[in-house]
Amino acid sequence: MTGVEDVVYPEWWPWWVIAFPAASYGLLVLFGRKLNRGSAWLGSAATLAGLCVSLALAQRVFTGGTVESVPMRWLSVGDVTLSLAFEVTPLSALMILIVTLVGFLVHVYSYGYMKGERRFSSFYQHLSLFMFSMLGLVMARDLLSVFIFWELVGVTSFLLIGFYYARPEARRAAQKAFFVTRLGDVGLFVAMLYAFQTTGSLAWSDLSAHLESGVLAPVQAATLASLIFVAAAGKSGQFPLHVWLPDAMEGPTPVSALIHAATMVAAGVFLVARAYPLFSAAPEVMGVVAVVGAATAFLAAVLALVQDDLKRVLAYSTVSQLGYMMLALGVGGYGAALFHLTTHAFFKALLFLAAGSLYPIVGTYDMRAMGGLWKKAPFVGWSFLIGMLALIGLPPLSGYFSKEAILAHVYGHNLGLFVLAVATVALTALYMGRAFMLVFVAQRPVRQPGRWAPAVRLPVSMAVPVALLALLALTAGALETPQAPVISRWVSGDFPDPVRPSPGWISPVVVAVGLLALLLVYFWFRPSRMGRWQARREVAAASAWAMPLNHRLFIDALYERLLLGLYRFLGQAAAQVERYLLEGLVHLAAGIARGLGRALSRLENGQVQGYNAGALFVLGALILAYVWLRLA
């Protein structure tokens, strides 16, 4: 798309991208306790070095060449040789830039946020291991490497979500995230086996070549795409595998900003984009992706309306925005989806870090205990406002441009999905406006006990990342405009995806919907009505329409019933097999051994005559057998 010949450069640079976080992890494991606060400097320096290498790689890719690493052979089985190698395509270059940039800002922010934590160095160990895993995933050349790094991302996210393992909620959240995402990972594992069985290769480039040559039939491509989408749905929290993500907010807030805004949850979107040739050859699967994405975006926005925890509101908004990205991919908006992935990484990380900056003041994320924080933390308030407006999609912030690109594609594809997407914009304005009013504008409820800490100036290590993310949320929309579609031209590759000229009424209508929703929230939650709202809240929460929302549409309960029932059935079945089959076989073998022992004990009676008779009997039997065999 850049007009430069596509050349493959075998280099060591991709290895350097993952070498820095890997070295940081190793050093922190060995010397983390001695370094203590120095762990943050080491982890941040390693991530910054990775960002610099990523910028160099992106420049090489932008000039038209795919950068492929020098392969390292690690296993040979017959004629099959498995090598670990990386391939930096335009998509991979975009992802490593996002991961290293947001990762570096989160590393710096955590220096102030995690101050005083007993396991300070362990936190940076986990961050370094996660960066290594995520960077390896987005650069992996084949499905086997993808699967290895995919699982490493799952393991490290388990460690980070369960960082406060002394709290039962954190342990349950980590376990839930681990097991739910494993359900989706089965799809990736089966896809890997199926791809090798049908094509004899696991490399992304080989799968595309086999698809073009006809070796991979459309039905087989559809099967592979479906299996890959199952894995992507688990990682990116698509309905109905979204249940783990809101609970994952039990981890430290910088973790939420990193893995639940810009990296891990975006891995599912990346996987679908990486396998887009397979999806393009399967229109039915693309339709499923679009419908699931639209349903996820809408349902998550509905569920966010009744959340009282600020981080859970942001978590459901993440699920909703991931649904937008999947919707865009499902309707052919490849560049639009990746554009929204980029802008979302910035404004969602901004929102999480802004929320984390409030915790030292109020000591909670419960919005019912907040209010009036604009005066105590104006810098955080402005930062949160910028992130909120970008999330809603109001001009001139970055989210406006990326959402407009998605809606243009959806409108040209399916009117019903377009209406659902616009309704989600209204819901987004409602739940984010509600959160902003409760946290920053409304008066603090008198009934809430406890004292707030005095207003404090944010440490530089926390304020600078928040300010930079606010700047990116303001300006990242310039990366994709009808006049200069940078991301589409760079990333789309074989999937040309310029910004579609949409009907002129779409943008004003969508903006008007968002503004009207915000206006409604203001009149409902303005300070003069807060007393009546607080009085009616308990009644509204128990009403018939709110009950399903407060119980998350009973999806978690359904999972618990099904999974617990399945585990109980399997446990009882295993107990029966052990009692009647395994123990029966053991008892049978023991009985046979006892019977033979008793029979042989009668022969060993100390009488030489008996021994001679036995020997002659055996000798005679052998002679008869020999003669019979010779005659036969």
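Residues numbered from 1 in each chain as written. Predicted model: local features only at pLDDT ≥ 70, side-chain atom pairs only at ≥ 80, totals over all residues. Heavy atoms only, no water.

**Quick word on the nonpolar core**
Among the nonpolar cores identified, the biggest contains 200 residues, and Val102, Met134, Leu278, Phe279 and Met432 are the most heavily contacted of them. The greatest single-element share of this core, amounting to 19 residues, is contributed by helix α15 (residues 334-362). Two domains each provide a minimum of three residues to this core, namely domain 1 (8-141) and domain 2 (142-493 + 505-542). Contact partners of Met134, with chain neighbours within four places excluded, come to Met95, Val99, Val153, Thr263, Met264 and Ala267. (Core = buried A, V, L, I, M, F, W, Y, C linked by side-chain atoms within 4.5 Å. Buried < 20%, exposed > 50% of the residue type's maximum accessible area, 1.4 Å probe, protein only. Helix = DSSP H or I, 4+ residues; strand = E, 2+ residues; numbered from the N terminus. Domains from an automatic or database assignment. Contact = heavy atoms within 4.5 Å.)

**Remarks on empty space enclosed by the protein**
Enumeration over the complete set of coordinates arrives at five cavities of 30 Å³ or more. In this model, the largest cavity occupies a volume close to 60 Å³. Lining the largest cavity, in full, are Ile392, Gly393, Tyr400, Lys403, Glu404, Leu407, Ser507, Val510 and Val511. When residues of the lining of the largest cavity are assigned to their parent elements, the largest contribution, four residues, is made by helix α18 (residues 398-411). (1 Å grid on protein atoms, 1.4 Å probe; cavity = no way out; pocket = protein on both sides within 12 Å on 5 of 7 lines; lining within 4 Å. Points joined across faces, edges and corners; volume = space filled by probe spheres on them.)

**Focus on unusual backbone geometry**
Residue Pro240 is bonded to the preceding Phe239 through a cis peptide linkage, with omega at 5°. Among the structural elements, Pro240 can be located in the loop between α8 (218-235) and α9 (244-247). In this structure, the amide linkage connecting Pro395 to the following residue, Pro396, adopts the cis form with an omega of 5°. In this fold, Pro396 is placed in the loop between α17 (378-392) and α18. The phi dihedral of Asn36 is positive, around 50°, even though this residue is not glycine. Topologically, Asn36 is positioned in the loop between α1 (13-35) and α2 (38-62). Asn36 gets classed as partly exposed once you look at its relative accessible area, which sits at 41%.

**Here we look at the packing of aromatic side chains**
According to the stated counting rule, one finds 26 aromatic pairs in the structure shown. Both rings, one in Trp16 and one in Phe20, keep their centres 5.7 Å apart while their planes meet at 35°; by these two values the pair is tilted. Of this pair, Trp16 and Phe20 both sit in helix α1, four residues apart, which is roughly one turn of that helix. You can call Trp16 partly exposed: its relative accessible area is 45%. Exposure remark for Phe20: the relative accessible area of 27% places this residue in the partly exposed category. Where Phe384 meets Phe436, the ring centres are 6.4 Å apart and the plane angle is 25°; that geometry is what we call stacked. Taken together, the residues Phe384 in helix α17 and Phe436 in helix α19 (residues 415-441) connect sequence positions 52 residues apart. (Phe/Tyr/Trp six-rings, centres within 6.5 Å; stacked < 30°, edge-to-face > 60°.)

**Section: a nonpolar patch on the surface**
Nonpolar side chains collect at one region of the surface, where Val577, Leu581, Leu582, Leu585, Leu588, Ile592 and Leu596 lie side by side and expose about 660 Å² of accessible area between them. Residue position: Leu585 is located in helix α25 (residues 555-603). (Patch = residues over 30% accessible without salt bridge, like charges linked within 9 Å, V, L, I, M, F, W, Y side chains within 5 Å. Areas by Shrake-Rupley, 256 points an atom, 1.4 Å probe, with all protein chains shown as cover. Salt bridge = Lys/Arg side-chain N within 4 Å of Asp/Glu carboxyl O.)

**What about the side chain of Arg274?**
Inspection of the secondary structure assignment puts Arg274 in helix α11 (residues 264-274). Exposure remark for Arg274: the relative accessible area of 12% places this residue in the buried category. Those residues within four positions of Arg274 in sequence are excluded, and the remaining contacts are Glu87, Thr89, Leu91, Ser92, Ala140 and Trp204.

**Remarks on the pattern of salt bridges**
Tallied over the entire structure, the rule returns nine salt bridges. One salt bridge in this structure joins Arg182 and Asp185, with 2.4 Å as the shortest N-O distance. Separated by three residues within a single helix, Arg182 and Asp185 lie in helix α6 (residues 168-199), roughly one turn from each other. Here Arg182 and Asp185 have matching classes, each one buried. Residues Arg434 and Asp308 are paired through a salt bridge, measuring 3.1 Å at the closest nitrogen-oxygen approach. Taken as a pair, Arg434 in helix α19 and Asp308 in the loop between α13 (283-304) and α14 (310-330) lie far apart in primary sequence, 126 residues in all. When salt bridges that share partners are traced, they join Asp308, Asp366, Arg368 and Arg434 into one network.

**Observations regarding the side chain of Asp185**
Take Asp185: its relative accessible area is 3%, and that puts it in the buried class. A distance of 2.4 Å separates the side chain of Asp185 from the side chain of Arg182, its partner in a polar contact. (Polar contact = N/O pair within 3.5 Å; in protein donor to acceptor, adjacent residues only side chain to side chain.)

**Concerning the environment of Leu258**
Along the chain, Leu258 falls in helix α10 (residues 253-262). Leu258 gets classed as buried once you look at its relative accessible area, which sits at 0%. For the pair Leu258 and Phe352, spaced 94 residues apart in sequence, the C-alpha to C-alpha distance is 9.1 Å. Apart from residues no more than four positions distant in its own chain, Leu258 is found in contact with Val102, Gly103, Val106, Leu127, Phe130, Met131, Thr263 and Met264.

**Observations regarding the packing of helix α5 (residues 143-161) against α10**
With their axes 11 Å apart at the nearest point, α5 and α10 run at an angle of 155° to one another. Of the possible angle classes, the one that applies to α5 and α10 is roughly antiparallel. The element α5 and its partner α10 pack so that their crossing is left-handed. Contacts between α5 and α10 pair Ser157, Leu160 and Ile161 from the former with Val255, Ile259 and His260 from the latter. Taken together, the residues that form the contact of α5 with α10 break down as four nonpolar, two polar and no charged. (Axes fitted to C-alpha atoms, helices over the stretch in contact; angles between N-to-C directions. Parallel < 35°, antiparallel > 145°, perpendicular 65-115°, else oblique. Left-handed = near helix turned anticlockwise from the far one by under 90°. Nonpolar A, V, L, I, M, F, W, Y, C, P; charged D, E, K, R; others polar.)

**Focus on the layout of surface pockets**
Computed from the structure, the second largest pocket encloses a volume of approximately 730 Å³. Residue lining of the second largest pocket: 35 residues in total, with Asp309, Lys311, Tyr359, Thr364 and Tyr365 positioned closest to the centre. Breaking the lining of the second largest pocket down by element, the ones donating at least two residues are α3 (90-113), α14 and α15. At four residues, the largest contribution of residues to the lining of the second largest pocket is made by α15. Lining the lining of the second largest pocket are residues from two domains, each supplying at least three of them: domain 1 (8-141) and domain 2 (142-493 + 505-542).

**A closer look at the confidence of the model for the chain**
Mean pLDDT over the chain: 83, with 86% of residues reaching 70 or higher. Here helix α23 (residues 530-541) stands out as the element of the chain with the lowest mean pLDDT, 48, in contrast to α17, whose mean of 94 is the highest. Of the regions scoring below 50 in pLDDT, residues 1-9 engages in 22 contacts with residues more than four places distant in sequence or in other chains. Counting contacts from residues 538-543, a segment whose pLDDT is below 50, to residues more than four positions away or on other chains yields six contacts. (pLDDT = per-residue confidence, 0-100.)

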